[in-house]
Amino acid sequence: MTLYYVNRNEQPNHDHEVHEWGCQWIPKGENRIFLGVFDSCDDAVKRARDYYERANGCVHCSPACHTT
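So, here's what we can say about the structure. (Residues numbered from 1 in each chain as written. Predicted model: local features only at pLDDT ≥ 70, side-chain atom pairs only at ≥ 80, totals over all residues. Heavy atoms only, no water.)

## Concerning the environment of arginine 49
Residue position: arginine 49 is located in the loop between α1 (41–48) and β4 (55–57). In this structure, the C-alpha to C-alpha distance between arginine 49 and histidine 16, residues 33 residues apart in sequence, is 9.1 Å. (Helix = DSSP H or I, 4+ residues; strand = E, 2+ residues; numbered from the N terminus.)

Structure follows, in C-alpha cells:
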C-alpha cells in the first residue's frame, strides 16, 4: 500500500500528475492533494480524476500509469 498525491498545479500539457509519497518530484504540501492509500497507481489516478479530468501518473514514480 502506497500513499498517493496529485499535483494542484497543471503541467504544460494540462495534466495533473499523480505522485507516490517519497517521489523526488512530489510538489510541496500546499501544491498537492492527498488522494489516499492504494495498492496501485491505477486506483490513485482514478481518484485524482475526481479532482481533475486530466490526471496522469508521474513518469518517475508511477510509470505504469503515465500516458503520453
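## Quick word on unusual backbone geometry
The backbone phi angle of histidine 14 is positive, close to 80°, even though this residue is not glycine. Relative to the helices and strands, histidine 14 resides in the loop between β1 (2–7) and β2 (16–20). Taking the relative accessible area as the measure of exposure, histidine 14 reaches 43% and is therefore partly exposed. (Buried < 20%, exposed > 50% of the residue type's maximum accessible area, 1.4 Å probe, protein only.)

## Focus: the pattern of salt bridges
Going through the model one piece at a time under the given rule, you end up with two salt bridges. Of the charged contacts in the structure, one is a salt bridge between arginine 54 and aspartate 15, with a shortest N-O distance of 3.1 Å. With arginine 54 in the loop between α1 and β4 and aspartate 15 in the loop between β1 and β2, this pair connects stretches of sequence that are 39 residues apart. Taking the relative accessible area as the measure of exposure, arginine 54 reaches 42% and is therefore partly exposed. We classify aspartate 15 as buried; its relative accessible area is 9%. A salt bridge links aspartate 50 to arginine 47; its shortest N-O distance comes to 3.0 Å. (Salt bridge = Lys/Arg side-chain N within 4 Å of Asp/Glu carboxyl O.)

## What about the pairing of β2?
Counted residue by residue, β2 has four buried out of five residues, so it is predominantly covered. Here β1 runs beside β2; their pairing, made up of three bridges, is antiparallel. Residue pairing across strands places tyrosine 4 opposite glutamate 20, the latter belonging to β2. Examined bridge by bridge, β2 and β4 share three bridges and lie parallel to one another. Of the residues in β4, the one forming a bridge with valine 18 is glycine 57. (Pairing = 2+ DSSP bridges.)

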